[in-house]
Amino acid sequence: MKQTIGVLALQGGFARHIAVLDSLAVNTKEVRTENDLAGCDGLVIPGGESTVLTKLLMIPGTGPGT
């Protein structure tokens, strides 16, 4: 069974990461919420501003316990 790799798609160059993974014939999935993680065997977190990521992850419905 082929694995699926999620790419955190909140900000930054996530599209480039997906393009590279696609060129390597890797199944990818954009991850924007906790529910999007379902079915992912791994997660790529593109580099970016940590403050922005922290603020986005604190939005109700995107973090633990939702």
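The shown structure was predicted, so the numbers you read here are calculated from the model rather than taken from an experiment.

Here is what the cut-offs are and how they apply
Residues numbered from 1 in each chain as written. Predicted model: local features only at pLDDT ≥ 70, side-chain atom pairs only at ≥ 80, totals over all residues. Heavy atoms only, no water. Buried < 20%, exposed > 50% of the residue type's maximum accessible area, 1.4 Å probe, protein only. Helix = DSSP H or I, 4+ residues; strand = E, 2+ residues; numbered from the N terminus. Arc of directions from axis to C-beta. Contact = heavy atoms within 4.5 Å. Salt bridge = Lys/Arg side-chain N within 4 Å of Asp/Glu carboxyl O. Pairing = 2+ DSSP bridges. Axes fitted to C-alpha atoms, helices over the stretch in contact; angles between N-to-C directions.

Draft legend 1. Up close: helix 1 (residues 14–23). Those residues of helix 1 lying buried are F14, I18 and L21. Viewed along the axis of helix 1, the buried residues span an arc of 65°, placing them on a single side of the element. Facing away from the buried side of helix 1, by more than 90 degrees, are the exposed residues A15, R16 and S23. Each element contacted by the buried residues of helix 1 is listed here: strand 1 (4–8), strand 2 (27–31) and strand 3 (42–44). A25 sits one or two positions beyond helix 1 and adopts a positive phi of about 65°.

Draft legend 2. Structural detail: the pattern of salt bridges. All told, the structure shown has one salt bridge when counted by the stated rule. Notably, a salt bridge pairs E30 with R32, separated by 2.6 Å at the nearest N-O pair. Exposure remark for E30: the relative accessible area of 35% places this residue in the partly exposed category. For R32, a relative accessible area of 39% gives the class partly exposed.

Draft legend 3. Fine view of the sheet that holds strand 2. One open sheet holds the three strands; their spatial order is 2-1-3, and the pairing between them is parallel. Edge positions in the sheet fall to strand 2 and strand 3, since each of these pairs with one other strand and no more. Here the strands of the sheet are splayed against their neighbours by 35° on average, with no regard to which way each runs. Bridging between strand 1 and strand 2 involves five bridges; their strand directions are parallel. By the bridge assignment, T4 is partnered in strand 2 with N27.

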